[in-house]
Structure formats: C-alpha cells, structure tokens
Amino acid sequence: MTLWGGRFSGKLDPAAWILNTSLPFDQRLAAQDVRGSIAWAGAIFKAQVLTEIEHDAIVKGLFSIAEEFAQHTFVFVESDEDIHTAVERRLGELIGAAAGKLHTGRSRNDQVATDFRMWLLDTLPLLDAAIKGLQSSLITVAERNQATLMPGYTHLQRAQPVTLAHWLLSHFWALQRDRERLVDLRDRVAVLPLGCGALAGTAFPVDREALAAALGFDAPAPNSLDAVSDRDFAAEFLFCTAMLGVHLSKLSENIILFSTTEFGFIELSDAYSTGSSLMPQKKNPDMFELARGKAGTLIGLLTGLITTLKGLPSTYDKDLQEDKQPVFQATDTLLGLLPVLAGALETMTVKPEKMLAAIDANMLATDLADYLVNKGLPFREAHAAAGKAVRLALEKKISLDKLSLDEWQSIGAFESDVYQVFEPINSIEKKNAIGGTSSQSFKIQLQHAKSKI
Ligand code: ARG
C-alpha cells in the first residue's frame, strides 16, 4: 500500500513502479530524513498539532529508526517508494496511529529538498578535507623541490625555467579556488525548504526560523513555490565538482607527460602504477588517466542536471527526482580519487637531472633581452637583438650560449658577463616580484599556501 493510495482504485504497473521508485538511491538520505522528521515533530508539537504524548512517541520511534539505519538492521519492504515513505511506514509499525500525524502540514516536496540540502551540508566538509589532503601533498613535494629546476612551458613548448616547487603550487591555488567555491556555496545550501508544504506553504503555525536553527540552516526559504523546486544548489555543486575535475585533469595530463620516457621527469611508484597484460615493459600512469577521464564524467553530471532543470515549470515536478544521483556520483568519484592522487604525488620519484637537462639555452633568450634592458635599451630593441642572437646560433647550428664574445658584440651591447645569463638559476632568481618563481618569492608563497590548510 502506498501512502498516497486513497484516491486510487487500481495498482501501479510493476514496471512503472520500478521506474517511479527512488529508494535504491535515496536511501542515502536516511539519516537526514530521520533528523528532519524529529525537528518537524518538534515544530508541529509547538504548533499544537501534536500532544506531548504523541510527540514523545514519534521522537522515540524516530530515534529507534535512526538506530536501525546505523546498525544496518532497517528492513525495507516492497511498498516503500522512497526513503520518506519507508521511514513513515516503519514509524507506524513501531508506534501505531500517532505516526500518521507526523506528515501534518508537510509534503515530500519540502521534505526531500530539505533532506538533500542536509546531506550536502554534511558532505561539504568531507570534500573540503579531501581537497585539502591533495593540497598538503602538493606542499610536501614542493617543499622537497625548492631547488629543483625544470622547464616551464607555454603552448607545451619550452618557455622559461621555473622550479618544480613553483609548478606544484600552481595546482595548489586552483584547488584552493575549488575549496573557496564550495565554502561560498554552503550559504546557498543552508536555506531551509521545510515548512513550505507541497508548494503553497504550511497551514499550521510553524515557527520556521526555529526549525531552521534546529536543523543547522541559516534561514527559512522566503518563498514556498521557489523552495520546493530550487535545485540551484545541486547544479552549483556539480559545477564546483566539474571545475575541480578539470583542475585534476590538468594536473594529471602534466604528470602523465612528465612520466613518459620522452620527458622522464618523474617516475611513479609501483603502488600507483599498473602494468600491461601484453607488454612486459609497460608501467602505466592509470590513476592520472582515470582522473583525466573522470573529469569528463563530472562535466557530464553537471550537464545532465542543468538540462533537466531547464525544461521545468514552477514548483515540484517528478523530474526533480533526477537531482540526487549526479550529486552522489560526483561526491563518490572525488572522495575516491583525491586521496589516490595525493598518494601518487607524494610517492613519485623526481628526476632533477632530467629536468635540468631539458632547460636549453634558448629558454634564456628572454633573459638576454632583459640583460640589454638593464643596460638601458628599450625592451623592443632588446627583444630584436636577442632574436638576432637566436637566429645566428641556429644558422651556425650551435647552442645559443656557445656564441663567441665577438659574435655577441657584433649583435648588440653585450659584454663578457653575458654568459652568466645562461645559468638557469639566475633567471629564476630574477623573478622576484610576488608570485614569481624566485626562491624568495616562493618562500612567501609557501607560507601563504600553508595558511590555507
Ligand atoms: N522521491 C521523490 C523525489 O526524490 C520525493 C518527492 C515526491 N514528491 C511527489 N510530489 N511525488 O523527488
């Protein structure tokens, strides 16, 4: 028997029943559903809908149900359509007729929106902690590699030398923005739909502000029609997780490249690599490939929900039952992925000599121009002179730093100290303004980063 069967004489088609039920996935809201109901019982008791005896019986029953869920002894029955009806059915079994009063003034529409928001409020700190875990790993590896020089790239072409530490923290800040977005989102999640009824509001004198406070929300939703259908928070959450996925994908794509024989900058530990069933020599960076792949899935989850929302008229429609699975899936994906990436980064072997060897003299051509600027030349002229030097070296098929002093002097205002330009460390230490790769700037950056975790 369903909880809404009164006006029906026929039964739902079995396949339609399976399509309609959300229990297989909304069971995850069990703890929140019970907590929400305990608070609702309190609110309608204060509104004099329940006697003290009824209230006490309902609350006691709900606590037993919470315990059953915690012990995994709660038994679902075939007629349970979703988590809300399952809890109410069980409450009836436990306490009898008084259970039928709990749903007074409430609808599953305000109830499910409330449960879902509570679930997300419970989950946001877990996700924050997992992102923070990866940030900590980036810091750990960065601290070890403050003197490890590597080529920095634009267009995936060698550009200018940087330190590995600086490169690692570039990913830290992207993750920091992801965390900040989730913190910002919390305020929009913490708006309470409960007490809005099916759509028009509740007909009982419920103190919704007290209810919001009791459930850890900041405030009651100000409009009942909006409250029962607002899933912006879910779509926003999925944007946050998709963006995070894109950041992890970028990091991963780099690590995958750096672990190739062609780069050889790092080697992943056995604990985070897999082999090939055919080729005995293979050591594959699967964890990072999975991260890159899952970014696509995360983007798909956002696209799916926001497309569902697009077609809806005002207030609750059953389409909204599609809101929960993408949010659960995005959460599970990231809670599974983030610690693995953290472990893989912390245990990888860095090959500083390979990185240093990949910094060629041409990567210091900008420093050559800066050298002339320091001698008083306008940057455009300096840029042209440095370009001439690059061309001359190319014509002579030698490395830029192997031009003779005579050749340098034929090009421009170069002196014998020009050769110092070709020390990568000198280039790095010049990038000393805030945010640059110099050791001094990096120390400031590192302190700043540490203050965030
Ligand atoms: N299982 C439903 C959902 O997830 C609960 C709300 C049902 N409301 C309704 N009017 N049928 O959205």
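Residues numbered from 1 in each chain as written. Predicted model: local features only at pLDDT ≥ 70, side-chain atom pairs only at ≥ 80, totals over all residues. Heavy atoms only, no water.

**Comments concerning the site of the ligand**
Around the ligand, the structure places Ser22, Asp26, Asp82, His84, Arg108, Asn109, Val112, Tyr316, Gln321 and Lys324. In this structure, Gln321 approaches the ligand through a side-chain N or O atom, which is 2.7 Å from a nitrogen atom. Contacts to the ligand include Lys324, whose side-chain N or O atom sits 2.6 Å from an oxygen atom. Across the complex, the protein chains shield 86% of the 340 Å² of accessible surface that the ligand would expose by itself. Among the elements that line the shell around the ligand, the one with the most residues is helix α6 (residues 108–144), at three residues. (Near = heavy atom within 4 Å. Polar contact = N/O pair within 3.5 Å; in protein donor to acceptor, adjacent residues only side chain to side chain. Areas by Shrake-Rupley, 256 points an atom, 1.4 Å probe, with all protein chains shown as cover. Helix = DSSP H or I, 4+ residues; strand = E, 2+ residues; numbered from the N terminus.)

**Points about the side chain of Ser229**
Tracing the backbone shows Ser229 in helix α9 (residues 224–229). Dropping the residues within four chain positions of it, Ser229 is found in contact with Thr315, Tyr316 and Leu320. (Contact = heavy atoms within 4.5 Å.)

**Considerations on the side chain of Glu407**
Mapped onto the elements, Glu407 comes out in helix α16 (residues 405–411). Excluding residues within four positions of it along the chain, Glu407 makes contact with Leu392 and Lys396.

**A word on the pattern of salt bridges**
Tallying each qualifying case throughout the model produces 31 salt bridges. A salt bridge links Arg90 to Glu93; the shortest N-O distance between them is 2.9 Å. Within this pair, Arg90 and its partner Glu93 are both found in helix α5 (residues 83–95), separated by three residues, close to a single helical turn. Looking at Arg90, the relative accessible area reads 19%, which means it is buried. (Salt bridge = Lys/Arg side-chain N within 4 Å of Asp/Glu carboxyl O. Buried < 20%, exposed > 50% of the residue type's maximum accessible area, 1.4 Å probe, protein only.)

**Quick notes on the packing of aromatic side chains**
Scanning the entire structure with this criterion turns up 15 aromatic pairs. For the pair Phe69 and Phe74, a centre-to-centre distance of 4.2 Å together with 15° between the ring planes defines the contact as stacked. An aromatic cluster of three or more residues is present, and its members are Tyr153, Trp167, Phe258, Phe263 and Phe265. Its end group placed over the ring of Phe328, Arg28 keeps NZ or CZ at 4.7 Å from the ring centre. Between the NZ or CZ atom of Lys324 and the centre of the ring of Phe116, over which it lies, the distance is 5.8 Å. (Phe/Tyr/Trp six-rings, centres within 6.5 Å; stacked < 30°, edge-to-face > 60°. Lys NZ or Arg CZ within 6 Å of the ring centre and 35° of its normal.)

**Let's talk about the nonpolar core**
Judged by nonpolar contacts, the single largest core of 100 residues is most densely connected at Leu62, Phe237, Leu248, Ile255, Ile266 and Leu338. When near neighbours in sequence (up to four residues on either side) are disregarded, Ile266 contacts Ile255, Phe258, Ser259, Met348, Thr349, Val350, Lys351 and Met355. The next biggest cluster of nonpolar side chains, apart from the first, holds 21 residues, and it includes Leu368, Leu400, Phe414 and Phe422. (Core = buried A, V, L, I, M, F, W, Y, C linked by side-chain atoms within 4.5 Å.)

The quantities given are spatial measurements derived from coordinates; they are silent on function.
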